Amino acid sequence: MEYIKCKYQLYKDEIFFTTILPPTIVNTKYIHMSLKGVMTMKKGWAWDGCSGPTIDESWNQRSGCGHDGLYWLVRNGYLSKYSKPVIDRCFYKWLREDIEIIIDRMLKRLEIDKKEKSKYSIFNFTKKYMSYPIKKSMIKINKNLLLKRAKYYYWAVKKFGNPSIDPKNKRQKITAP
(Lines give C-alpha, C1' and ligand atoms only; values in the text may rest on other atoms or scores of the structure.)
Protein backbone atom coordinates (compact mmCIF):
# COMPACT_ATOMS: atom_id res chain seq x y z
CA MET A 1 0.00 0.00 0.00
CA GLU A 2 1.18 3.50 -0.77
CA TYR A 3 -0.18 6.63 0.88
CA ILE A 4 0.63 10.21 1.75
CA LYS A 5 0.30 11.31 5.36
CA CYS A 6 -2.27 14.11 5.82
CA LYS A 7 -4.46 15.26 8.71
CA TYR A 8 -7.56 16.60 6.97
CA GLN A 9 -9.72 15.84 3.96
CA LEU A 10 -12.47 17.96 2.43
CA TYR A 11 -15.97 16.55 2.75
CA LYS A 12 -17.30 18.90 0.07
CA ASP A 13 -15.93 21.44 -2.42
CA GLU A 14 -14.66 24.72 -0.96
CA ILE A 15 -14.32 27.94 -2.96
CA PHE A 16 -11.54 30.48 -2.36
CA PHE A 17 -11.32 33.93 -3.91
CA THR A 18 -7.70 34.80 -4.62
CA THR A 19 -5.93 37.74 -6.23
CA ILE A 20 -3.81 35.35 -8.31
CA LEU A 21 -4.45 35.27 -12.05
CA PRO A 22 -3.00 32.03 -13.43
CA PRO A 23 -1.65 32.02 -17.01
CA THR A 24 -4.12 29.25 -17.91
CA ILE A 25 -7.11 27.56 -16.33
CA VAL A 26 -5.90 25.01 -13.78
CA ASN A 27 -7.88 21.81 -13.53
CA THR A 28 -6.41 18.95 -11.52
CA LYS A 29 -8.09 16.08 -9.71
CA TYR A 30 -8.57 18.19 -6.57
CA ILE A 31 -8.01 21.83 -7.55
CA HIS A 32 -9.68 24.01 -10.16
CA MET A 33 -8.60 27.62 -10.64
CA SER A 34 -10.24 30.01 -13.07
CA LEU A 35 -8.47 32.73 -15.02
CA LYS A 36 -10.06 35.21 -12.60
CA GLY A 37 -8.38 33.56 -9.60
CA VAL A 38 -11.36 31.68 -8.19
CA MET A 39 -9.99 28.45 -6.76
CA THR A 40 -12.15 25.45 -5.96
CA MET A 41 -10.67 22.83 -3.68
CA LYS A 42 -12.59 19.70 -4.57
CA LYS A 43 -14.10 17.09 -2.29
CA GLY A 44 -11.39 14.63 -1.25
CA TRP A 45 -8.52 17.17 -1.20
CA ALA A 46 -6.25 16.26 1.71
CA TRP A 47 -3.86 18.60 3.51
CA ASP A 48 -1.80 18.59 6.68
CA GLY A 49 -3.12 21.74 8.33
CA CYS A 50 -1.16 24.81 9.27
CA SER A 51 2.56 24.22 9.69
CA GLY A 52 5.35 25.66 11.76
CA PRO A 53 4.52 27.70 14.85
CA THR A 54 0.77 27.62 14.20
CA ILE A 55 -1.83 25.55 16.01
CA ASP A 56 -4.62 23.92 13.99
CA GLU A 57 -7.87 25.49 15.14
CA SER A 58 -11.28 26.04 13.56
CA TRP A 59 -10.51 29.67 12.72
CA ASN A 60 -7.47 28.77 10.59
CA GLN A 61 -8.54 25.51 8.93
CA ARG A 62 -10.05 27.07 5.82
CA SER A 63 -7.15 29.44 5.24
CA GLY A 64 -4.66 26.61 5.81
CA CYS A 65 -6.49 24.48 3.24
CA GLY A 66 -6.44 27.23 0.60
CA HIS A 67 -2.83 28.14 1.37
CA ASP A 68 -1.71 24.51 1.07
CA GLY A 69 -3.58 24.25 -2.22
CA LEU A 70 -1.87 27.32 -3.67
CA TYR A 71 1.55 26.14 -2.50
CA TRP A 72 0.79 22.75 -4.12
CA LEU A 73 0.07 24.56 -7.39
CA VAL A 74 3.48 26.28 -7.17
CA ARG A 75 5.33 23.04 -6.28
CA ASN A 76 3.73 21.30 -9.24
CA GLY A 77 4.40 24.06 -11.79
CA TYR A 78 0.89 25.50 -12.24
CA LEU A 79 1.83 28.82 -10.63
CA SER A 80 5.11 30.72 -10.55
CA LYS A 81 7.26 30.69 -7.42
CA TYR A 82 7.08 34.48 -7.67
CA SER A 83 3.41 34.29 -6.69
CA LYS A 84 4.38 33.28 -3.12
CA PRO A 85 3.99 36.81 -1.62
CA VAL A 86 0.49 37.04 -3.10
CA ILE A 87 -0.35 33.53 -1.85
CA ASP A 88 0.76 34.48 1.64
CA ARG A 89 -1.37 37.65 1.53
CA CYS A 90 -4.38 35.53 0.49
CA PHE A 91 -3.72 33.31 3.54
CA TYR A 92 -3.70 36.36 5.80
CA LYS A 93 -6.88 37.73 4.19
CA TRP A 94 -8.68 34.39 4.70
CA LEU A 95 -7.56 34.25 8.34
CA ARG A 96 -9.02 37.70 8.97
CA GLU A 97 -12.28 36.82 7.17
CA ASP A 98 -12.72 33.69 9.26
CA ILE A 99 -11.99 35.56 12.49
CA GLU A 100 -14.80 37.99 11.57
CA ILE A 101 -17.17 35.05 10.98
CA ILE A 102 -16.32 33.46 14.34
CA ILE A 103 -16.67 36.74 16.23
CA ASP A 104 -20.03 37.45 14.54
CA ARG A 105 -21.24 33.98 15.56
CA MET A 106 -20.12 34.57 19.14
CA LEU A 107 -21.91 37.92 19.29
CA LYS A 108 -25.10 36.42 17.82
CA ARG A 109 -24.91 33.53 20.28
CA LEU A 110 -24.48 36.02 23.10
CA GLU A 111 -27.64 37.88 22.01
CA ILE A 112 -29.63 34.63 21.74
CA ASP A 113 -28.41 33.52 25.15
CA LYS A 114 -29.45 36.82 26.72
CA LYS A 115 -33.00 36.25 25.44
CA GLU A 116 -33.35 32.51 25.99
CA LYS A 117 -31.16 31.77 29.03
CA SER A 118 -31.14 28.09 28.01
CA LYS A 119 -29.19 25.49 29.94
CA TYR A 120 -26.73 25.31 27.03
CA SER A 121 -26.10 29.03 26.91
CA ILE A 122 -22.76 30.74 27.19
CA PHE A 123 -24.02 32.25 30.45
CA ASN A 124 -24.61 28.87 32.08
CA PHE A 125 -21.29 27.60 30.78
CA THR A 126 -19.48 30.57 32.26
CA LYS A 127 -21.30 30.28 35.59
CA LYS A 128 -20.20 26.66 35.86
CA TYR A 129 -16.61 27.00 34.63
CA MET A 130 -15.70 30.65 35.10
CA SER A 131 -16.13 33.15 37.89
CA TYR A 132 -17.36 35.86 35.52
CA PRO A 133 -19.87 35.99 32.63
CA ILE A 134 -18.83 36.50 29.03
CA LYS A 135 -19.43 40.04 27.82
CA LYS A 136 -19.13 41.79 24.47
CA SER A 137 -15.90 43.38 25.64
CA MET A 138 -14.38 39.91 26.18
CA ILE A 139 -15.37 38.87 22.67
CA LYS A 140 -13.67 41.99 21.30
CA ILE A 141 -10.53 41.15 23.27
CA ASN A 142 -10.66 37.63 21.83
CA LYS A 143 -10.95 39.13 18.34
CA ASN A 144 -7.88 41.30 18.92
CA LEU A 145 -5.89 38.30 20.18
CA LEU A 146 -6.89 36.23 17.13
CA LEU A 147 -5.97 39.09 14.79
CA LYS A 148 -2.54 39.29 16.44
CA ARG A 149 -2.09 35.55 15.99
CA ALA A 150 -3.15 35.85 12.34
CA LYS A 151 -0.52 38.54 11.83
CA TYR A 152 2.10 36.30 13.45
CA TYR A 153 1.08 33.33 11.24
CA TYR A 154 1.33 35.59 8.19
CA TRP A 155 4.82 36.69 9.26
CA ALA A 156 5.81 33.02 9.72
CA VAL A 157 4.70 31.89 6.23
CA LYS A 158 6.44 34.89 4.66
CA LYS A 159 9.67 34.14 6.50
CA PHE A 160 9.72 30.32 6.54
CA GLY A 161 7.42 29.21 3.70
CA ASN A 162 9.95 29.07 0.85
CA PRO A 163 10.85 25.37 1.28
CA SER A 164 7.15 24.50 0.99
CA ILE A 165 6.94 25.82 -2.58
CA ASP A 166 10.10 24.02 -3.73
CA PRO A 167 9.29 21.10 -6.09
CA LYS A 168 11.93 19.01 -4.28
CA ASN A 169 9.74 19.11 -1.18
CA LYS A 170 6.67 17.35 -2.55
CA ARG A 171 4.99 15.10 -0.02
CA GLN A 172 6.65 11.73 -0.06
CA LYS A 173 4.71 8.54 -0.64
CA ILE A 174 4.90 6.10 2.25
CA THR A 175 4.86 2.38 1.55
CA ALA A 176 3.40 -0.10 4.03
CA PRO A 177 4.18 -2.82 4.99
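Residues numbered from 1 in each chain as written. Predicted model: local features only at pLDDT ≥ 70, side-chain atom pairs only at ≥ 80, totals over all residues. Heavy atoms only, no water.

Asker: Which parts of the structure should I look at to understand the side chain of R75?
Answerer: By the secondary structure assignment, R75 is in helix α1 (residues 58-75). Polar contacts involving the side chain of R75 include one to the main-chain carbonyl oxygen of S164, which spans 2.6 Å. Setting aside anything within four residues of it in sequence, one finds R75 in contact with S164, I165, D166, P167, N169 and K170. (Helix = DSSP H or I, 4+ residues; strand = E, 2+ residues; numbered from the N terminus. Polar contact = N/O pair within 3.5 Å; in protein donor to acceptor, adjacent residues only side chain to side chain. Contact = heavy atoms within 4.5 Å.)

Asker: It is not clear to me how α1 should be interpreted in this structure. Could you clarify?
Answerer: Note on helix geometry: an α-helix contains 3.6 residues per turn, so any two residues three or four positions apart are oriented the same way. Given a rise of 1.5 Å per residue, 18 residues ought to cover 26 Å, and the 26 Å separating the end C-alpha atoms of α1 matches this to within 8%. Looking one or two residues past α1, G77 carries a phi angle of roughly 85°, positive in sign. (Expected span 1.5 Å × (residues − 1).)

Asker: So what exactly am I meant to see when it comes to the packing of α1 against helix α4 (residues 136-160) here?
Answerer: Describing two packed helices takes the angle between their axes plus the distance from one axis to the other. At a closest axis distance of 12 Å, the pairing of α1 and α4 adopts a crossing angle of 15°. Here α1 is positioned roughly parallel relative to α4, judged by the angle of their axes. In this structure, the crossing between α1 and α4 has a hand that is right-handed. Contact residues: W59, N60, H67 and Y71 in α1; L146, R149, A150, Y153 and V157 in α4. A class-by-class count of the residues in the contact of α1 with α4 yields 6 nonpolar, 2 polar and 1 charged. (Axes fitted to C-alpha atoms, helices over the stretch in contact; angles between N-to-C directions. Parallel < 35°, antiparallel > 145°, perpendicular 65-115°, else oblique. Left-handed = near helix turned anticlockwise from the far one by under 90°. Nonpolar A, V, L, I, M, F, W, Y, C, P; charged D, E, K, R; others polar.)

Worth remembering: the numbers are spatial, not functional.
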